[in-house]
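Here's the letter readout for the chains.
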Amino acid sequence: MKFKLLAVFTFTALLYSCDDSTTGVGDFVSNLDKIEASYDKYKVTSRTLRLEKVYSRTNKAYLGKYTDPDFGQYSADFITQINCPEKFELPEHLKEITGASLELYYTNFYGDSLATLTVQVDTLNKIIEDSDTGLYYTSYEPKDYYDETKTPLAVKTYAAVDMSVSDSLRNTSDYYPSIKIDLGKAFGERIQNLYTSKPEYFKDAYSFINNVLKGFYVHTTQGDGSVVYIKDIWLRLNLDYYVERESTGEIDSLVQGNTVLAASKEVLMSTRLGYPEEQSDNSKDRLDELVDEKGHTYLKTPAGLCTEVTLPIDEIYNDERHKNDTLNSVTLSIKKYRYAGDENSNTFTMGIPQNVLMVRKSDINTFFEQNKTYDNKTSFLGTYSSNTNSYTFSKLNRLISNIFSEIRSGEEYTEDRDKVLLIPVTTETDAEGNIIGVSHDMEVNAAKLFGGEEGEELNIEIVYTKP
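None of these values were measured; they are calculated from a predicted model.

*Asks:* Explain the overall build of the protein chain here, please?
*Replies:* Looking only at helices and strands, the protein chain has eight helices and 22 strands in total. For the protein chain, the proportion of its 467 residues judged to be buried stands at 48%. Summed over all atoms, the accessible surface of the protein chain reaches about 23,500 Å², with 45% contributed by carbon and sulfur.

Quick look at the structure:
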């Protein structure tokens, strides 16, 4: 009965809203007034896959340490450069740079709001070249870019919620939580001396980074319990300068002020995910145990657990029943368990990945490195639906058609030809709400999905049409 209802619904939908690019197993040509539609489904298989590294050049940074009972312990730290805009100038009658601070503004956090952690700031001692693509992944080695034996530039103890701020202020829309780290008077004096003696060093970002400040490595050295999601990074310089009287042009008074240089997309900002040395084996072993579970699959950020799906390409291609039919629509829907891990044993409830990218396994590196967005041809976006508790990917007929074309053209078979990865992502939109960017989700989110090599069967659903 359900199948009959589905067939009626599907046939009606086809008459009024066919996919705008139906793709053929056979040809699609008809002079008849009606189109015959049929429905079929094929089994797909899935498994959990752990990405050894995640592309992390995003517009956010992440900082902290957290021990999760289901996924183990990990840390998040980052390298950032500071952008110097073209024709940057300090006040004409500068008296002194009296101090400097690195300010990390965050939109949210995960974990214990009162957990105490210690953050350390070191300056980089190596210029980052465009060819250093390894820095764009979470597995980079920060020791290659700073001297760990040198006294750090600054150290500060913090908590995700600053209890020195009143509740009345914290609850206003104007409040922007931050971690403000004093960089010391000597840092400001060095900036001033270079500005006075070598003003050309401040003409643009390239000159500033190569001659004044190569960048910062910001990392947590003590504590455990929270990870903050940093949106803005500012280098604030506090200034004393003189101003002129408008009527005479003579120096009139001393003013205290400040100027801000910020990290931005024009320069590098990259997060590293690591495991504290004393816990690394245990944490990695725990992730490996999750990968080996057969009755379901996982999505876990930022640990890099994703789901690999093997599509039944050969079975569909060789199905004689539909040899002359057209793939009108192909859909895959995967349900999520209510909890990730051991029935939500977490003290703090993890978020659910809201957007999941489906991309061909062979394309994963180039997709993120080349800053692509999904095209509904070889990459697709599935959004979590709370109503159905699932992720749905549609228009997959375009992907399957591309693979069929590869088969017909005689391209050499590769073991990843029929495999796609499901990867949690965040999206960037323009003023009109159009998605213009896709990047790895680096927040603390998780989902446990139906499927797996020994779990509940998953199916890809196909609506065929023919004259």
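*Asks:* Just checking my understanding: could you explain helix H3 (residues 185-197) for this structure?
*Replies:* An α-helical turn contains 3.6 residues, so a residue and the one three or four places further along point in the same direction. Here H3 is 13 residues long and its end C-alpha atoms lie 19 Å apart, about the 18 Å a rise of 1.5 Å per residue gives. Regarding H3, the residues found buried are Phe187, Gly188, Ile191, Gln192, Leu194 and Tyr195. When H3 is viewed along its axis, its buried side chains cluster within an angular range of 165° and face the same direction. For H3, exposure combined with an orientation more than 90 degrees from the buried face picks out Ala186, Asn193 and Thr196. Structurally, H3 contributes buried residues whose contacts are with strand S5 (94-111), helix H4 (205-211), strand S9 (216-222) and strand S10 (226-244).

*Asks:* Honestly, the packing of aromatic side chains in this entry has me stumped. Any pointers?
*Replies:* For any two aromatic rings, the description comes down to two numbers: the centre-to-centre distance and the angle of the planes. Under the defined criterion, the tally for this structure stands at 16 aromatic pairs. Ring centres of Phe367 and Phe368 lie 5.1 Å apart, and the angle between their planes is 80°; this geometry places the pair in the edge-to-face category. On the basis of relative accessibility, which here comes to 4%, the residue Phe367 falls in the buried class. Taken together, Phe88, Tyr195, Phe202 and Phe208 form an aromatic cluster joined through their ring pairs. A cation sits over an aromatic face here: Lys335 above Phe450, 5.8 Å from the ring centre.

*Asks:* It is not clear to me how unusual backbone geometry should be interpreted in this structure. Could you clarify?
*Replies:* Negative phi is the rule for most residues except glycine; trans is the rule for most peptide bonds. Thr301 connects to Pro302 through a cis peptide bond whose omega is 0°. The topology assignment puts Pro302 in the loop between strand S13 (297-301) and strand S14 (305-310). One non-glycine residue, Lys87, lies in the positive phi region at around 60°. Relative to the helices and strands, Lys87 is located in the loop between strand S4 (72-80) and S5. Exposure remark for Lys87: the relative accessible area of 74% places this residue in the exposed category. Residues other than glycine seldom take positive phi values, yet Lys395 does so here, at roughly 60°. Assignment of secondary structure puts Lys395 in the loop between strand S18 (390-393) and helix H8 (397-408). The exposure class assigned to Lys395 is partly exposed, which follows from its relative accessible area of 33%.

*Asks:* Whenever I open this one, the side chain of Thr138 confuses me. Can you help?
*Replies:* Relative to the helices and strands, Thr138 is located in the loop between strand S6 (117-123) and strand S7 (154-158). Using a relative accessible area of 5% as the deciding quantity, one classes Thr138 as buried. Leaving out residues up to four positions away in the same chain, Thr138 has contacts with Lys53, Val54, Ser56, Thr271, Arg272, Leu273 and Met442.

*Asks:* I would appreciate a short explanation of the confidence of the model for the protein chain in the present structure.
*Replies:* Low pLDDT means the predicted atomic positions in that stretch should not be read closely. Per-residue confidence for the protein chain gives a mean pLDDT of 87; residues scoring 70 or more make up 88%. Ranking the helices and strands of the protein chain by mean pLDDT puts S6 first, with 98, and helix H1 (residues 2-16) last, with 44. Counting contacts from residues 26-31, a segment whose pLDDT is below 50, to residues more than four positions away or on other chains yields eleven contacts. Of the regions scoring below 50 in pLDDT, residues 340-344 engages in ten contacts with residues more than four places distant in sequence or in other chains.

*Asks:* How should the pairing of S9 be read in this particular structure?
*Replies:* Here is the key point about a regular strand: its side chains alternate between the two faces of the sheet. The buried fraction of S9 is high, at five of seven residues. By the bridge criterion, three bridges tie S4 to S9 in an arrangement that is antiparallel. By the bridge assignment for S9, Ile79 is matched with Tyr217. With six bridges connecting them, S6 and S9 associate as antiparallel partners. Counted as the bridge partner of Asp122 is Tyr217 from S9.

*Asks:* Sorry if this is basic, but what is going on with the pattern of salt bridges here?
*Replies:* A side chain of one charge can pair with a side chain of the opposite charge if their charged atoms are brought near each other. Scanning the model with the defined rule gives 18 salt bridges in all. In this structure, Asp288 engages Arg50 in a salt bridge whose closest nitrogen and oxygen atoms are separated by 3.5 Å. Of this pair, Asp288 sits in helix H5 (residues 280-292) while Arg50 sits in strand S2 (residues 36-50), placing them 238 residues apart in sequence. Salt bridges sharing partners connect three or more residues here, namely Arg47, Glu308, Lys361 and Asp416.

*Asks:* Looking at this structure, I do not really get the side chain of Arg360. What am I missing?
*Replies:* Within the element layout of this structure, Arg360 appears in strand S16 (residues 355-360). Taking the relative accessible area as the measure of exposure, Arg360 reaches 7% and is therefore buried. Among the polar contacts made by the side chain of Arg360, one reaches the side chain of Glu406 at a distance of 2.8 Å. Ignoring any residue separated from it by four or fewer positions in sequence, one finds Arg360 in contact with Thr378, Leu399, Ile403, Glu406, Arg417, Lys419 and Val420.

The rules behind these values
- Residues numbered from 1 in each chain as written.
- Predicted model: local features only at pLDDT ≥ 70, side-chain atom pairs only at ≥ 80, totals over all residues.
- Heavy atoms only, no water.
- Helix = DSSP H or I, 4+ residues; strand = E, 2+ residues; numbered from the N terminus.
- Buried < 20%, exposed > 50% of the residue type's maximum accessible area, 1.4 Å probe, protein only.
- Areas by Shrake-Rupley, 256 points an atom, 1.4 Å probe, with all protein chains shown as cover.
- Expected span 1.5 Å × (residues − 1).
- Arc of directions from axis to C-beta.
- Contact = heavy atoms within 4.5 Å.
- Phe/Tyr/Trp six-rings, centres within 6.5 Å; stacked < 30°, edge-to-face > 60°.
- Lys NZ or Arg CZ within 6 Å of the ring centre and 35° of its normal.
- pLDDT = per-residue confidence, 0-100.
- Pairing = 2+ DSSP bridges.
- Salt bridge = Lys/Arg side-chain N within 4 Å of Asp/Glu carboxyl O.
- Polar contact = N/O pair within 3.5 Å; in protein donor to acceptor, adjacent residues only side chain to side chain.

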